[in-house]
Amino acid sequence: MNFFNKIFTSKKEEEHAMAELNIGIILGSTREGRVSPQVAQWVKEIANQRGDANYTIIDIADYKLPLLGEAGQDASGAQAWAEAIAKQDGFVFIVQEYNHSITGALKNALDYLREEWNNKAAGIVSYGSVGGARAAEHLRGIMGELLIADVRVHPALSLFTDFENGTDFKPKAVQAESVNQMLDQLIPWSKALYTIR
């Protein structure tokens, strides 16, 4: 194969791959009674209408991930977790604020992997009493260390105005536009970072 054919072929492969971006919507909580599945499903419904990527909900609770390095624990889900994250070109993290930060389950799941996160983009959808803003800021610092490029637009959902009784998710109409604006940034960043992986 000559030089020009190699360039043309790799360019076509790149364009094909970028047309089929995989974006994982990661549930950041594993606790009983969590509302993150409602939020993730809402984000996925909005995202699927766009037709610009394959969006998949990834639930940390589906994987056996005991505390990283804890002796005598069953970490049999770690390989499946690594494979699920490696397949993604970008992420939307559904983040709840616990004591001004992210959940222990999300931090642990992030810490299990390294290269699988590298050179990918992410958006954040957070919720809490102040929209989960402090958790989102903590997550941004962690993502920087993992070479995940986080986008600026950040839908922040209030437990007081976007949920009924703190449990039934009923987002204000403006929140859907915020999700689309976040995805408008996430998709091109995911495509750009694909080229350096």
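That block above? That's the structure.
For clarity, every value in this text was computed on a predicted model and none was experimentally measured.

I keep staring at the environment of Ile-142 and nothing clicks. Help me out?
Locating Ile-142 in the fold gives a position in helix α5 (residues 133–145). Classification of Ile-142 as buried rests on a relative accessible area of 16%. In the structure, Ile-142 is positioned 20 residues away from Asp-162 in sequence and 27 Å away in space, judged by C-alpha atoms. Those residues within four positions of Ile-142 in sequence are excluded, and the remaining contacts are Ile-102, Lys-107 and Leu-110.

Even after reading the chapter, I still don't get the side chain of His-154, so can you show me in this structure?
Within the secondary structure layout, His-154 lies in the loop between β5 (148–150) and β6 (156–158). Here Ser-126 takes part through its side chain, which lies 2.6 Å from a polar atom of the side chain of His-154. If we ignore the near neighbours within four places in the chain, the residues touching His-154 are Ile-124, Ser-126, Gly-131, Ala-133, Ala-136, Arg-140 and Ser-178.

I keep staring at unusual backbone geometry and nothing clicks. Help me out?
Only a minority of non-glycine residues have a phi that is not negative, and only a minority of peptide bonds are not trans. One non-glycine residue with positive phi stands out, namely Asn-99, at about 50°. Positionally, Asn-99 belongs in the loop between β3 (90–96) and α4 (104–111). Residue Asn-99 is classed as exposed on the basis of its relative accessible area, which comes to 76%. If you check the backbone angles, Asn-165 has positive phi at about 55° while not being a glycine. Position of Asn-165 among the secondary structure elements: in the loop between β7 (163–164) and β8 (168–169). Classification of Asn-165 by relative accessible area gives exposed; the value is 74%.

Thresholds applied
Residues numbered from 1 in each chain as written. Predicted model: local features only at pLDDT ≥ 70, side-chain atom pairs only at ≥ 80, totals over all residues. Heavy atoms only, no water. Helix = DSSP H or I, 4+ residues; strand = E, 2+ residues; numbered from the N terminus. Buried < 20%, exposed > 50% of the residue type's maximum accessible area, 1.4 Å probe, protein only. Contact = heavy atoms within 4.5 Å. Polar contact = N/O pair within 3.5 Å; in protein donor to acceptor, adjacent residues only side chain to side chain.

The values are spatial; any link to function lies outside them.
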